[in-house]
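Structural characterization, general
Each chain is listed here by its residues.
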Amino acid sequence: GDPAGSLLVPPVQQPSRRQAVVAKDVTGTTGKGGGEAKNGTHEEEQDAVLTRLVDLLVTSNLNLAMTVQAQGQHLHAIALCTSVLRIKPREAKAFYRRGVAALELGEDFEAAVKDLARARDLAPGDALIARKLAEGRRLLKAQLARESRAYAAFFLSSAPDEEEGATGGAAGQG
């Protein structure tokens, strides 16, 4: 079968783990008495459990994004990071990993630089982000220079035809 599938937790075990996290008595009461306190903080407990589950989902997706990116699956990494940003729109790691994946794809350096700049804004002291942002800016600048030369060559190659037509017409009149 699938070698990667053997590393994953079987789906049968996942619901029981999830149920254990949700059903856990986070108040620390033994169930004898303390009913009022338990009911009063029930929503807070649910919020705490939900926060833990969201954090686990974010961490898992970011780790998976790093793994698939290392395997060259940059589009998959971008999709995973985008899903994280829908949940946590200020997650520097998601912007960083999505930006790096976009750099590796080499198709949209502008989007890569934008993501890396956002990551740097969210984590200003991170030297790795700063290095990748500088690399992205360099690649974007080089791409823009190549495009500029290509457009200049295109327009210059069409200009002599027009000049020849104009001088040829004037020579024919004289």
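Everything numeric in this text was worked out from a predicted model, so none of it was measured.

1. Topic: the overall build of the chain
Counting its regular elements, the chain contains seven helices and zero strands. Reading the helices (α) and strands (β) of the chain from amino to carboxyl end gives α-α-α-α-α-α-α. For the chain, with 174 residues in total, the buried portion stands at 23%. Counting contacts in the chain only where the partners sit at least 6 residues apart, residues at least 24 apart contribute 47% of the total. When the accessible surface of the chain is totalled, it reaches about 12,100 Å², and 58% of it is carbon and sulfur.

2. Here's the deal with the environment of Leu75
Summarising the element assignment, Leu75 is placed in helix α4 (residues 74-87). Each C-alpha atom of the pair Leu75 and Arg98 lies 9.0 Å from the other, and the pair is 23 residues apart in sequence.

3. Some details on the packing of helix α5 (residues 92-105) against helix α6 (residues 109-122)
One way to put it is that α5 packs onto α6 with a least axis distance of 8 Å and a crossing angle of 155°. For the element pair α5 / α6, the angle class is roughly antiparallel. Between α5 and α6 the crossing geometry is left-handed. Residue-level inspection shows Ala92, Phe95, Tyr96, Arg98, Gly99, Val100, Ala102 and Leu103 of α5 in contact with α6, the latter providing Phe109, Ala112, Asp115, Leu116, Arg118, Ala119 and Leu122. Among the residues making up the contact of α5 with α6, the classes are represented as 11 nonpolar, one polar and three charged.

4. Remarks on the pattern of salt bridges
Scanning all chains against the criterion turns up five salt bridges. Of the charged contacts, one joins Glu91 and Lys88 as a salt bridge, the two residues approaching to 3.8 Å between their closest N and O atoms. The class of Lys88 is partly exposed, set by a relative accessible area of 30%. One salt-bridge network, in which partners are shared between bridges, spans Asp55, Lys88 and Glu91.

Reading the values: rules and limits
Residues numbered from 1 in each chain as written. Predicted model: local features only at pLDDT ≥ 70, side-chain atom pairs only at ≥ 80, totals over all residues. Heavy atoms only, no water. Helix = DSSP H or I, 4+ residues; strand = E, 2+ residues; numbered from the N terminus. Buried < 20%, exposed > 50% of the residue type's maximum accessible area, 1.4 Å probe, protein only. Contact = heavy atoms within 4.5 Å. Areas by Shrake-Rupley, 256 points an atom, 1.4 Å probe, with all protein chains shown as cover. Axes fitted to C-alpha atoms, helices over the stretch in contact; angles between N-to-C directions. Parallel < 35°, antiparallel > 145°, perpendicular 65-115°, else oblique. Left-handed = near helix turned anticlockwise from the far one by under 90°. Nonpolar A, V, L, I, M, F, W, Y, C, P; charged D, E, K, R; others polar. Salt bridge = Lys/Arg side-chain N within 4 Å of Asp/Glu carboxyl O.

By themselves, these observations are geometric and do not establish any function.
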